Structures are given as structure tokens and as C-alpha cells.
Amino acid sequence: GGEPDIGMRVKRALWDLHNFQWRDLALCTMVTVVTTLWAAQLPLLNGRPQPALLSLLFDKTLVIRREDWVVGPFGLVGTFAICGVMKWFTTMMSLSLAMPTGVVAPTM
């Protein structure tokens, strides 16, 4: 019984690194590309990290300057709804990936 020696741990780690599944990498790539393209279509979310987005959402002049970020035919409420759906979709897709804790999510 006892702990496996350090050589066995290194061999196991290298084997696990070598034996990755290509579909995991493809899924991560797909989720990142889809959510990036979708976020690029929404001016409110486009390229903003979470702290900047939260600061913008609580800005007193957000509704006054709405022509900068409201998506044409959807109006104010529709744009907020679309952004909410997009954030929910991003979170669910990234958390369902084979990677622990959905490490793709912070980049979206």
C-alpha cells in the first residue's frame, strides 16, 4: 500500500497530458467562438470585462445615452433581455464543458 513514488506521478501526468480528447478542445473552441461572435453583436457587452460592465450598468447616465448601446428594433427592454439571455447561455455553455469550473467563462 503506500503512496506511489514521484516517478510514477510524473509518468501518469505526462500520459494524461498526452491522452487528451480532441473533442474537448473542439468544444472549448466552439463555445469561445460562438459566444465571442454573439457578444460582438451587442454593443453593451462588446469587449467589456465584468467590472467595467457592472460599472456601466450602474451608471446614472446609461438610460440617457442609450443610442450608444441599444440594439435597433428591440429597444431598451429587449436589449437588456438579449444581454441577459446571452450571459445565461455563456455561463451554461462554459460550465458544461469538460474543463473544471468552466474556465472559459471569465474570458467571455
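Here, every reference points to the structure presented above.
Residues numbered from 1 in each chain as written. Predicted model: local features only at pLDDT ≥ 70, side-chain atom pairs only at ≥ 80, totals over all residues. Heavy atoms only, no water.

*Asks:* Hey, could you run me through the overall build of the protein chain in this one?
*Replies:* Along the backbone of the protein chain there are 4 helices and 0 strands. For the protein chain, the succession of helices and strands along the chain, N to C, is α-α-α-α. Buried residues in the protein chain amount to 20% of all 108 residues. For the protein chain, restricting intrachain contacts to residue pairs at least 6 apart in sequence, the fraction spanning at least 24 positions comes to 51%. Summing over all exposed atoms, the protein chain offers an accessible surface of approximately 7900 Å²; the carbon and sulfur share of this is 69%. (Helix = DSSP H or I, 4+ residues; strand = E, 2+ residues; numbered from the N terminus. Buried < 20%, exposed > 50% of the residue type's maximum accessible area, 1.4 Å probe, protein only. Contact = heavy atoms within 4.5 Å. Areas by Shrake-Rupley, 256 points an atom, 1.4 Å probe, with all protein chains shown as cover.)

*Asks:* Explain the nonpolar core to me, please; I cannot follow it from the model alone.
*Replies:* The tendency in soluble globular proteins is for nonpolar side chains to be buried side by side. Grouped together as the largest cluster of nonpolar side chains are 12 residues: Ala39, Leu42, Leu44, Leu45, Leu53, Leu56, Leu62, Trp69, Val71, Ile82, Cys83 and Met86. Per element, the largest residue contribution to this core is 3 residues, and it comes from helix H4 (residues 75–95). If we ignore the near neighbours within four places in the chain, the residues touching Leu45 are Ala39, Leu53, Cys83, Met86 and Lys87. (Core = buried A, V, L, I, M, F, W, Y, C linked by side-chain atoms within 4.5 Å.)

*Asks:* Looking at this structure, how should I read the packing of aromatic side chains?
*Replies:* Note on aromatic pairs: each is described by the distance of the centres and the angle between the planes. All told, the structure shown has 1 aromatic pair when counted by the stated rule. Taken together, a centroid distance of 5.6 Å and an interplanar angle of 70° make the contact between Trp38 and Phe89 edge-to-face. Separated by 51 residues along the polypeptide, Trp38 in helix H2 (residues 22–40) and Phe89 in helix H4 bring together distant segments of the chain. Of the residues examined, Phe89 reaches a relative accessible area of 27% and is grouped as partly exposed. (Phe/Tyr/Trp six-rings, centres within 6.5 Å; stacked < 30°, edge-to-face > 60°.)

*Asks:* Any chance you could explain the side chain of Thr90 here in plain terms?
*Replies:* For Thr90, the position within the fold is in helix H4. On the accessibility criterion, Thr90 (4% relative accessible area) is buried. One polar contact links the side chain of Thr90 to the main-chain carbonyl oxygen of Met86, over a distance of 2.8 Å. (Polar contact = N/O pair within 3.5 Å; in protein donor to acceptor, adjacent residues only side chain to side chain.)

*Asks:* Is there a simple way to explain a nonpolar patch on the surface in this structure?
*Replies:* Nonpolar side chains collect at one region of the surface, where Leu54, Leu57, Phe58 and Phe80 lie side by side and expose about 410 Å² of accessible area between them. Checked against the element boundaries, Phe58 lands in the loop between helix H3 (50–57) and H4. (Patch = residues over 30% accessible without salt bridge, like charges linked within 9 Å, V, L, I, M, F, W, Y side chains within 5 Å. Salt bridge = Lys/Arg side-chain N within 4 Å of Asp/Glu carboxyl O.)

*Asks:* I'm lost on the packing of H2 against H4 in this one. Help?
*Replies:* How two helices sit against one another is set out by the angle between their axes and by the gap between those axes. Closest axis-to-axis distance for the H2/H4 pair is 10 Å, and the angle between their directions is 170°. Compared by their axis directions, H2 and H4 come out roughly antiparallel. Residues Met30, Val31, Val34, Thr35, Trp38 and Ala39 of H2 lie in contact with H4, whose contacting residues are Val85, Met86, Phe89, Thr90, Met93 and Ser94. In the contact of H2 with H4, the residues fall into 9 nonpolar, 3 polar and no charged. (Axes fitted to C-alpha atoms, helices over the stretch in contact; angles between N-to-C directions. Parallel < 35°, antiparallel > 145°, perpendicular 65-115°, else oblique. Nonpolar A, V, L, I, M, F, W, Y, C, P; charged D, E, K, R; others polar.)

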